[in-house]
Amino acid sequence: METTLAIIKPDAYKNGHAGKIIDRIIEEGFIINHMKQLLLSKKKAEGFYEVHKDRPFFGELVDFMSSGNCVVLSLKRENAVSKWREVIGATNPEEADKGTIRDLYGTDTGNNAVHGSDSSENGIIESNYFFKE
Ligand code: CMP
C-alpha cells in the first residue's frame, strides 16, 4: 500500500468541516495510519512548504497555515496519492470537479480546505515530517 499525507487546513477546520472530511477519507477506503490536531508554528509551516519558498504566495501560505488548527493525517491505501488527489480535486476550488472536497469546502486557491501529497516519494517524506518520532 502507498502512503499519502492529508492536511485539513485552518479554513476547513474553522468552518466545522473536519469531521465530514474524516468521514469521507474512511468512505473512500483509506486507512488512517496516524492523525493529530495541531496549530502549526510559522517555522513548521515554512519547513513543510519549503519547495514553494521562492513563490510570491509563500508568505501568505505560511501565515494561513499557521493561523488556526489543522488536522494532519497519514493515510494508506492502494494508489493513495492519486486517489486522494482525485477525492480532493483541483488546487483552485473553482476548477475542482463537483463533489470533490475542495469543491464542497474550499473558497479559493489559498483557502482550499485540504492538502494532498503530489507523489509517492513525497507522501513518505511529508508523513515523516509530522509523524516520525
Ligand atoms: P497545497 O496542495 O497545500 O500545496 C501548496 C499550496 O500553495 C496549495 O495547496 C495552495 O493552497 C497554495 N497556493 C498555490 N498557488 C497559490 C497562489 N497562487 N496563491 C496562494 N496560494 C497558493
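Residues numbered from 1 in each chain as written. Predicted model: local features only at pLDDT ≥ 70, side-chain atom pairs only at ≥ 80, totals over all residues. Heavy atoms only, no water.

(A) Here's a closer look at the pattern of salt bridges. Under the defined criterion, the tally for this structure stands at four salt bridges. Glutamate 28 is paired through a salt bridge with arginine 24; the nearest N and O atoms lie 2.9 Å apart. Residue aspartate 63 pairs with lysine 42 through a salt bridge whose shortest N-O separation is 2.9 Å. Taken together, the positions of aspartate 63 in helix H4 (residues 58-65) and lysine 42 in helix H3 (residues 42-48) put the pair 21 residues apart, joining distant regions of the chain. Aspartate 63 sits in the partly exposed class, given a relative accessible area of 41%. Taken together, the shared-partner salt bridges in this structure form one network comprising Arg24, Glu28, Lys83 and Glu86. (Salt bridge = Lys/Arg side-chain N within 4 Å of Asp/Glu carboxyl O. Helix = DSSP H or I, 4+ residues; strand = E, 2+ residues; numbered from the N terminus. Buried < 20%, exposed > 50% of the residue type's maximum accessible area, 1.4 Å probe, protein only.)

(B) Highlighting the environment of glutamate 28. As for its position among the elements, glutamate 28 is in the loop between helix H2 (18-27) and strand S2 (31-38). It is 8.6 Å that separates the C-alpha atoms of glutamate 28 and tryptophan 84, two residues lying 56 residues apart in sequence. When near neighbours in sequence (up to four residues on either side) are disregarded, glutamate 28 contacts Arg77, Lys83 and Val87. At 2.9 Å, the side chain of glutamate 28 and the side chain of arginine 24 are in polar contact. (Contact = heavy atoms within 4.5 Å. Polar contact = N/O pair within 3.5 Å; in protein donor to acceptor, adjacent residues only side chain to side chain.)

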